[in-house]
Amino acid sequence: MSAPGVRLHVQDRYVVMDNGIVQVTLSNPDGIVTGIRYNGVDNLLEVLNKESNRGYWDLVWSAPGSKGIFDVISGTSFRVIVENEDQVELSFTRMWDPTLEGKFVPLNIDKRFIMLRGSSGFYSYAIYEHLKDWPDFEIGETRITFKLRKDKFRLMAIADDRQRYMPQPDDRSSGRCEILAYPEAVLLVNPTMPQHKGEVDDKYQYSCDNKDIRVHGWISSSPHVGFWQITPSDEFRSGGPLKQSLTSHVGPTTLAMFLSAHYAGQDLVPKFRAGEPWKKVFGPVFIYLNSAPIGDGPFWLWEDAKIQMMNEVQSWPYSFPASEDFQKADQRGNVNGRLLVLDRYTSRDHIPANGAYVGLAPPGDNGSWQRECKDYQFWVRADEGGYFSITNIRTGDYNLYAWIPGFIGDYRCDTAITITSGSYIEMGDLVYEPPRDGPTLWEIGIPDRSAAEFFVPDPDPKYINKLYVNHPDRFRHYGLWGRYADLYPDTDLVYTIGVSDYSKDWFFAQVPRKKEDGTHEGTTWQIKFKLNNVDRTNTFKLRVAIASATLAELQVRINDPKAKRPLFTSGLIGRDNSIARHGIHGLYWLYNVNIPGAQIVEGDNTIYLTQPRSTSPFQGIMYDYIRLEGPPSSSVKDEL
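**Notes on the overall build of the protein**
So, step 1. When its secondary structure is counted, the protein shows four helices and 45 strands.
So, step 2. Relative to its length of 640 residues, the protein is compact, with a C-alpha radius of gyration of 26 Å against a globular reference of 26 Å.
So, step 3. Taken over the C-alpha atoms alone, the protein extends approximately 85 × 60 × 55 Å along its principal axes.
So, step 4. Considering the protein as a whole, with its 640 residues, one finds that 58% of them fall into the buried category.

**Digging into the sheet that holds strand 44 (residues 603-611)**
So, step 1. Overall, mixed pairing links the five strands, which are arranged 35-38-44-40-41 in an open sheet. Strands at the two margins of the open sheet, each flanked by one partner only, are strand 35 (494-496) and strand 41 (568-569).
So, step 2. Where strand 35 lies against strand 38 (residues 523-531), three bridges are found, and the strand directions are parallel. Directly across from Val-494, in strand 38, lies its bridge partner Gln-526.

**Brief notes about the pairing of strand 5 (residues 55-62)**
So, step 1. Of all eight residues that make up strand 5, seven are buried, and the element is covered over most of its length.
So, step 2. As paired strands, strand 5 and strand 11 (residues 137-147) are joined by eight bridges and run antiparallel to one another. Across the sheet, Trp-57 pairs through a bridge with Ile-144, a residue of strand 11.
So, step 3. Two elements, strand 5 and strand 6 (residues 69-72), share four bridges in a ladder whose sense is antiparallel. Residue pairing for strand 6: Val-60 is matched across the bridge by Phe-70.
So, step 4. In textbook terms, the turn of a hairpin is the stretch between consecutive antiparallel strands, and for strand 5 and strand 6 this stretch comprises six residues, one of which, Gly-65, has a positive phi near 80°.

**Considerations on the environment of Ile-109**
So, step 1. If you trace the backbone, Ile-109 turns up in strand 9 (residues 108-116).
So, step 2. Residues Ile-109 and Thr-93, spaced 16 residues apart in sequence, show a C-alpha to C-alpha distance of 5.6 Å.
So, step 3. Once residues lying within four places of it in the same chain are set aside, the contact partners of Ile-109 are Leu-59, Ile-73, Phe-92, Thr-93, Arg-94, Ile-127 and Tyr-128.

**Some details on the side chain of Asp-71**
So, step 1. Within the secondary structure, Asp-71 is located in strand 6.
So, step 2. At 2.7 Å, the side chain of Asp-71 forms a polar contact with the side chain of Arg-94.
So, step 3. Aside from chain neighbours lying at most four places away, what touches Asp-71 is Trp-57, Asp-58, Leu-59, Trp-61, Arg-94, Phe-104 and Val-105.

**Brief notes about empty space enclosed by the protein**
So, step 1. Scanning the model with the defined rule gives five cavities of 30 Å³ or more in all.
So, step 2. Around the largest cavity sit 14 residues that line it, and Leu-242, Lys-243, Gln-370, Gly-586 and Leu-587 are the ones nearest its centre.
So, step 3. When the residues that make up the lining of the largest cavity are grouped by side-chain class, the tally is seven nonpolar, five polar and two charged.

**Digging into the nonpolar core**
So, step 1. Core analysis: the biggest nonpolar cluster contains 163 residues, and Leu-339, Leu-400, Trp-506 and Tyr-623 have the highest contact counts within it.
So, step 2. One finds Leu-242, Trp-369, Trp-379 and Trp-403 within the second-largest nonpolar core, a separate group that totals seven residues.

**A closer look at unusual backbone geometry**
So, step 1. Residue Pro-223 is reached from Ser-222 by a cis peptide bond, and omega for that bond is -5°.
So, step 2. As for its placement among the helices and strands, Pro-223 is situated in the loop between strand 18 (215-221) and strand 19 (224-230).
So, step 3. One non-glycine residue, Asn-392, lies in positive phi territory at about 55°.
So, step 4. Within the fold, Asn-392 resides in strand 29 (residues 387-393).
So, step 5. The phi dihedral of Arg-449 is positive, around 65°, even though this residue is not glycine.
So, step 6. Counting through the fold element by element, Arg-449 comes out in the loop between strand 34 (440-445) and helix 2 (483-487).

**Points about the pattern of salt bridges**
So, step 1. Summed over all chains, the structure comprises 40 salt bridges.
So, step 2. The partner of Asp-18 in a salt bridge is Arg-7, and the shortest N-O contact between them spans 3.6 Å. One end of the pair, Asp-18, is in strand 2 (residues 14-18); the other, Arg-7, is in strand 1 (residues 7-10), and 11 residues separate them in sequence.
So, step 3. For Asp-18, a relative accessible area of 9% corresponds to the buried category.

**Section: the packing of aromatic side chains**
So, step 1. Considering all chains together, one arrives at 46 aromatic pairs under this definition.
So, step 2. Centre to centre, the rings of Tyr-204 and Tyr-263 are 6.4 Å apart; their planes meet at 75°, and the pair counts as edge-to-face. Within this pair, whereas Tyr-204 is found in the loop between strand 16 (200-201) and strand 17 (208-209), its partner Tyr-263 is found in the loop between strand 22 (253-260) and strand 23 (271-272), the two being separated by 59 residues in sequence. Residue Tyr-204 shares its accessibility class with Tyr-263, and that shared class is buried.
So, step 3. Each ring, one from Tyr-357 and one from Trp-403, has its centre 4.7 Å from the other, and the planes form 5°; the classification is stacked.

**Concerning the pairing of strand 39 (residues 539-552)**
Working note: regular strand, side chains alternate between the two faces of the sheet.
So, step 1. For strand 39, the tally of buried residues reaches 12 of 14 residues, placing the bulk of the element in the interior.
So, step 2. Two strands pair when backbone bridges link them, and strand 39 and strand 43 (residues 589-596) are joined in this way by eight bridges, in the antiparallel orientation. By the bridge assignment for strand 43, Arg-543 is matched with Asn-592.
So, step 3. Bridge count for strand 39 against strand 42 (residues 573-575) is two bridges, and the pairing is antiparallel. Counterpart to Ala-552 in the pairing with strand 42 is Ile-573.

**Description of the sheet that holds strand 16**
So, step 1. Taken in spatial order, the three strands line up as 14-15-16 in an open sheet, and their pairing is antiparallel. Whereas interior strands pair on both sides, the edge strands pair on one side only; in this sheet they are strand 14 (177-179) and strand 16.
So, step 2. Judged from the three bridges that link them, strand 14 and strand 15 (residues 186-188) form a sheet pairing that is antiparallel. Pairing of Glu-178 across the sheet is with Leu-187, part of strand 15.

The rules behind the values
Residues numbered from 1 in each chain as written. Predicted model: local features only at pLDDT ≥ 70, side-chain atom pairs only at ≥ 80, totals over all residues. Heavy atoms only, no water. Helix = DSSP H or I, 4+ residues; strand = E, 2+ residues; numbered from the N terminus. Rg over C-alpha atoms; globule rule 2.2 N^0.38 Å. Buried < 20%, exposed > 50% of the residue type's maximum accessible area, 1.4 Å probe, protein only. Pairing = 2+ DSSP bridges. Contact = heavy atoms within 4.5 Å. Polar contact = N/O pair within 3.5 Å; in protein donor to acceptor, adjacent residues only side chain to side chain. 1 Å grid on protein atoms, 1.4 Å probe; cavity = no way out; pocket = protein on both sides within 12 Å on 5 of 7 lines; lining within 4 Å. Points joined across faces, edges and corners; volume = space filled by probe spheres on them. Nonpolar A, V, L, I, M, F, W, Y, C, P; charged D, E, K, R; others polar. Core = buried A, V, L, I, M, F, W, Y, C linked by side-chain atoms within 4.5 Å. Salt bridge = Lys/Arg side-chain N within 4 Å of Asp/Glu carboxyl O. Phe/Tyr/Trp six-rings, centres within 6.5 Å; stacked < 30°, edge-to-face > 60°.

Without other data, these values stay purely geometric and don't point to any function.
This is the structure we're talking about:
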């Protein structure tokens, strides 16, 4: 017996899509989701909220130099795009014209909602378009937000090992909580559920890398119902696979983040100048609903949601969206190849780039993809042999980029790539030669663009999140920046090569030290090492890879901590805010510092790393990896 067809009911103020499994009500012509009926529950969305504050697309925008404006996107015109028994697709548009300048973002916005026969959920996507010569503007953020019923949805799941019963939104109100260093973080002092007392709640503790945000959401225990946001592709997200975004948090709230400056700063805010035309399709994403008998338990719903997520990923790009701006599979192209690494100081042979992140992104410089935020990106992981296959790429001009865990730096293929419909481009063998001048004398950390391998302290017992006790992501605890002064109250970190262990002796972030009067001071870390037979006529190379920086400065001195001029300074860098937001990485920086041999002595040497900026406890640096290379060796130079 086939599933019933999709029915559409159009009324003056509402539009209802109904396929017999789920019924979705949208306001007309606003295109805001006011109701989701499923499994005997009249509305999964928060009925205590105004209808405009339940399920909506929103954005934050500004004119250049102006303050950001939060805008819940309300349509002004409604159209039925597709209506048959197998599918309904609805369009809610808001068109811009010069009379709206300064009032609304200068974009034509077309929000789409799709329901399919037999589908336990619905899809949404949108087309944003800025026409040539329209006013300059910036977008700080855009997303879809769903606010669920707080009396039903208590259990949140964002990964296999990141699931918990969450506090209530009322627990964040006056009298029930104490605001900590910033408004998003609160200490629960009188929560509605006593087991949450003494815990910290902060939405940033539940952020994820884009590459890991495939499915997340909430589970109701009465009845057993799951509400899941599934993102089948990263192509429309900005900043590449390592960009971190919000997921779900206390509300109960579920987000589909498309664009944000979180963990990156202004570099990830698209800025449109000089009448630049632009068009982008965000989505589709899938809102999946599932249910289970009481006996199956709530975690069956999570496992089922993961299976559904895999089905959605395998169905990408979808064949059913009606907009011509969303390219279907036969309109897209493919790129295959193999990436090898040549680092003559570790191997004379080409090494397969096992596990490399390989992607197509708009043309730019090495590593520009991590700051790219206007167009589309397509990323995969290379296999053990370094082979990669990037499929279903939208037509356009790209560069091929890569970075390889275990090696510093960024790869970019010099050959520009133009994708046309149906194209299959074979790149052959590509070779990445990572930065290298001489043999490794010593190294600290793992070059993986994260500080997770370094020492992450236990949190202050006053600021616990029980989810992260004995958890691999223990860096997500609140207040870890303050633990540095507890561990180093008077003197700074000293790391001795050959004696110290970076997993125990290298603090995960170089932050300011809090003083007794409440102010902060910059810090200077020392790396002590011994060298014999120093060639003082030659040059050594210090490689410093940074996983994140927030209004910080890196100064490097060698053997003279009081030298007025440092050997190297980065200047002021970074607006990631990863320290405050419990991220273990942000944007990647790589500095290559020449150390004259005349400044190195035979025997004991010390490198001093100073981070002097200290107006805020959140200023600082997370290191990824540090390496000292000796002068080029004659045997390798002969080969070169």
